[in-house]
Amino acid sequence: MRLSQIKPNQLTDEQITKLLYHSTSDDGKAGDCIFVPGSSKAVEYKVPKAIQLYQDGRANKLLFSGGVSWDASQKPEAVMMRERALQLGIPAKDILTEEQSLHTKENVLASLLVLDRAFDLHHLHHLIIVTSSIHSLRVWLTMRTYMPPWITYSLAPVDDRSTKEENWFVSPHSRKRVEAEVHKLVHYAQIGAIIDEEQSLE
């Protein structure tokens with residue numbers, strides 16, 4: 001069924017797992033840039049994964065996106081991620097930042113200009129997305145909705161300790177996060193904010 005037709009409250013745990021976790025494996029392709037949208041735990045989990053991909057030669061540029069501040073420093077997510085990457089030895093010339101966006105759609109839209117200035121969009125072919133498994137499908141669909149159609153994507157998910165495929169349903173807090181993501185996906189498909197694609201839940 002299409003994403004917009006899913007009734008989130010009627011999904012089993014197995015169906016939720018298939019929707020969010022079984023379409024996010026990494027195909028291993030190299031790309032032009034590694035795209036990292038911010039989150040409260042991005043510095044801890046996403047930055048090391050992005051750096052690993054960079055060091056493995058998957059892409060020679062990193063783009064950290066996000067304008068939300070999560071601590072007393074009031075620094076945007078992108079700045080915090082950049083600082084951590086620099087501490088871990090990534091050259092400043094290979095780091096791009098987008099520091100205005102406040103949510104996923106804005107991560108994509110605001111990053112368009114950054115990518116155009118860095119690459120010229122018509123020269124950009126493949127992006128590697130580093131975010132959590134539960135966020136990957138929404139980021140991927142959002143990218144495909146608003147980015148130029150010739151750009152393709154690899155998904156390189158990285159999870160915190162409580163929202164892995166094997167344990168997201170264990171604690172009430174992680175279950176709430178995962179179920180909220182399903183509701184967002186369905187809602188955004190229903191209002192036309194992301195591509196409304198067929199999803200196999202069987």
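Located above this text is the structure these notes cover.
Keep in mind the model is a prediction, meaning the values are calculated, not measured.

Visitor: Quick rundown of the nonpolar core? Include the residues and the values.
Guide: If you look at the biggest cluster of nonpolar residues, it comprises 20 residues, and the most contacted ones within it are I34, V36, L62, F64, A85, I90 and V130. Residue assignment for this core shows that the elements contributing at least two residues are strand 1 (33-37), helix 2 (42-55), strand 2 (62-65) and helix 3 (77-87). No other element matches helix 2, which puts 6 residues into this core. The residues touching F64, leaving out its near neighbours within four places in the chain, are V36, V47, A78, M81, R82, A85, I95, L96, T97 and E98.

Visitor: Tell me about the packing of helix 1 (residues 13-21) against helix 5 (residues 133-146), residues and numbers included.
Guide: Look at helix 1 against helix 5: their axes get within 7 Å of each other, and the N-to-C directions meet at 55 degrees. The angle between helix 1 and helix 5 places the two elements in the oblique class. Counting all contacts with helix 1, which are made through L19, L20 and Y21, the residues of helix 5 involved are S133, I134 and L137.

Visitor: Residues and numbers for the pattern of salt bridges, please.
Guide: Where charged atoms from two side chains of opposite charge approach closely, those side chains can pair. In this structure the tally under the stated criterion is 11 salt bridges. Between K75 and E83 there is a salt bridge, with the nearest N and O atoms lying 3.0 Å from each other. By relative accessible area, E83 is classed as partly exposed at 29%. Two residues, D94 and K93, come together in a salt bridge whose shortest N-O distance is 3.2 Å. Among the residues examined, K93 registers a relative accessible area of 61% and is labelled exposed. Linked through salt bridges whose partners overlap, the residues forming this network are D13, R175 and E179.

The rules we used
Residues numbered from 1 in each chain as written. Predicted model: local features only at pLDDT ≥ 70, side-chain atom pairs only at ≥ 80, totals over all residues. Heavy atoms only, no water. Core = buried A, V, L, I, M, F, W, Y, C linked by side-chain atoms within 4.5 Å. Buried < 20%, exposed > 50% of the residue type's maximum accessible area, 1.4 Å probe, protein only. Helix = DSSP H or I, 4+ residues; strand = E, 2+ residues; numbered from the N terminus. Contact = heavy atoms within 4.5 Å. Axes fitted to C-alpha atoms, helices over the stretch in contact; angles between N-to-C directions. Parallel < 35°, antiparallel > 145°, perpendicular 65-115°, else oblique. Salt bridge = Lys/Arg side-chain N within 4 Å of Asp/Glu carboxyl O.

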